[in-house]
Amino acid sequence: MSKITAFFTELMRRYLPDPFVFAIMLTLLTMALAFGVESRPIDAVVQDWGKGFWSLLAFTTQMAVILVMGYVLAAAPIVDRFLNRITTYVHTPRQAIIVATLVGCVGSYLNWGFGLVIGGIMARKLALKVKGVHYPLIIAAAYTGFTMYSLGFSATIPVLISTKGHAFESTMGLIPLTQTIFSAPILLTSLAVLIALPLLNATMHPKAGEKVVELDPATVSDSKPASAESLLGDEKTLAWRLNHSRVLSLLIGLCGMAYVAMHFIKGGNLDLNMINFFILFLGVLLLGTPMAYVEKVNEGVKTIGGIILQFPFYAGIMAIMHGSGLVESIAHVFVSVSTVDTLPLWGLVSSFVINFFAPSGGGHWVLQGPFMINAATTLGASQAQTAMSVMLGNGWNDLVQPFWILPALALSKLKLKDIMGYTVVSMLLVGAIYAVTMLVWPHL
């Protein structure tokens, strides 16, 4: 394992560029493929790119909000105390790697934005407490838990296709969650990942005598910039009392929770806006006062700079793929060799490839979904299994998709090349588990 890890780590160190550079190179590659493979005129390719560049601004905002709100929840005092309590039971580097992975897995299973952040927070706490922990590995280990989102409550595609009125309802109908994320094969897959992934990550920790890069406590600063109130003094004026009012936070937080309850009682759907609404007002309740909430939001904003910068580039890439027919060509290659029993497997593999160009569950499904639905209908395969194959391919690829690693890099202050070698190894294991699921499921 040490040799495999060292190989991929050195490979990433030498050749992997910054995530923004990766996005630029991927854009140019997509343009070249659209021109060379699909014979799309270069001027049309550039127009596709430019028109699509800002087409996902609303979705970009939703992604940014869910990450910031996830950070706020993860940094709330009650959660912070819970994480600190866990660290008291961890004493060795390999234990620390296992716990960081588990926290990332469970958090991502509950909600992808929450998990993406809480894993990194836990990893940093453990790196500070446990002597001898290899810092790049523990950050990578926490991030690998993100793959569990594709199996959990916020898995985009299963939630979408279970919602009345979704875009493909006329061709595939409504698929209840009991046939996707809550089906026995997917629940067993979740358990397999939850057990195997932490153990694999622990085996990658450097052995005695090998080089370990520890987190330098001096590089972690918990100091906060002085607020306007502290600069002007601590006089408890009316303004101060309003800013720190628990009553205001409680009232508006309860209003938010009441709306969520009424929304679902009346048969409302679970979508990204509702998820964001819920975690926003839950955060208000957990933080206790308006100013405490504002301070945590300001901290969380630091983790989303790369998302805001790069997502328009991926929107442009998706527009090129759609306009040129690249998605159809990629999907067709895999679908053409599929049978009723192997379609889920090839759906998984094709989704893995497409996710490099469209690292968003919802946007990815819009591009690939129609071809997979048609293939399932033609072959008589299960629509639920086919949809989950795309979802798992998405989550599998996210382990090596630089875009979603950005929040972890912002929290840890590491570079992509520092941690990607470890996530590649984890990707190999997760891919094997998902492939077995997709091969066995059609026979059950």
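Worth saying up front: this structure is predicted, and the values here are computed from it rather than measured.

(A) Local environment of the confidence of the model for the protein chain. Across the protein chain, pLDDT averages 90, with 96% of residues at or above 70. Between the elements of the protein chain, mean pLDDT differs from a low of 48, seen in helix α12 (residues 228–232), to a high of 98, seen in helix α11 (residues 184–203).

(B) Just the environment of I186, in detail. Mapped onto the secondary structure, I186 falls in helix α11. Along the sequence, I186 and A432 sit 246 residues apart, while their C-alpha atoms lie 14 Å from each other. Setting aside residues up to four positions removed in sequence, I186 forms contacts with L151, T180, I181, M388, L392, T437 and W441.

(C) Summary view of helix α14 (residues 246–265). For α14, with 20 residues, the first-to-last C-alpha span of 28 Å sits near the 28 Å given by 1.5 Å per residue. Within α14 the residues assigned to the buried category are S249, G253, G256, V260 and H263. Buried residues of α14, viewed axially, fall in a sector of 80 degrees; they line one side. Across α14 from its buried face, at more than 90 degrees, point the exposed residues V247 and I265. Buried positions along α14 lie against α15 (272–287) and α16 (290–301). Between a side-chain oxygen at the N-terminus of α14 and the backbone nitrogen of V247 the separation is 3.3 Å; the capping residue is S245. A positive backbone phi angle near 85 degrees is found at G267, which sits one or two residues after α14.

(D) Just unusual backbone geometry, in detail. Not every positive phi belongs to a glycine, and S39 is a case in point at roughly 60 degrees. As for its position among the elements, S39 is in the loop between α2 (19–36) and α3 (42–53). Overall, S39 belongs to the exposed group, its relative accessible area being 59%. Residue K413 is not a glycine yet carries a positive backbone phi of 65 degrees. The topology assignment puts K413 in the loop between α22 (402–412) and α23 (416–440).

Reading the values: rules and limits
- Residues numbered from 1 in each chain as written.
- Predicted model: local features only at pLDDT ≥ 70, side-chain atom pairs only at ≥ 80, totals over all residues.
- Heavy atoms only, no water.
- pLDDT = per-residue confidence, 0-100.
- Helix = DSSP H or I, 4+ residues; strand = E, 2+ residues; numbered from the N terminus.
- Contact = heavy atoms within 4.5 Å.
- Expected span 1.5 Å × (residues − 1).
- Buried < 20%, exposed > 50% of the residue type's maximum accessible area, 1.4 Å probe, protein only.
- Arc of directions from axis to C-beta.
- Polar contact = N/O pair within 3.5 Å; in protein donor to acceptor, adjacent residues only side chain to side chain.

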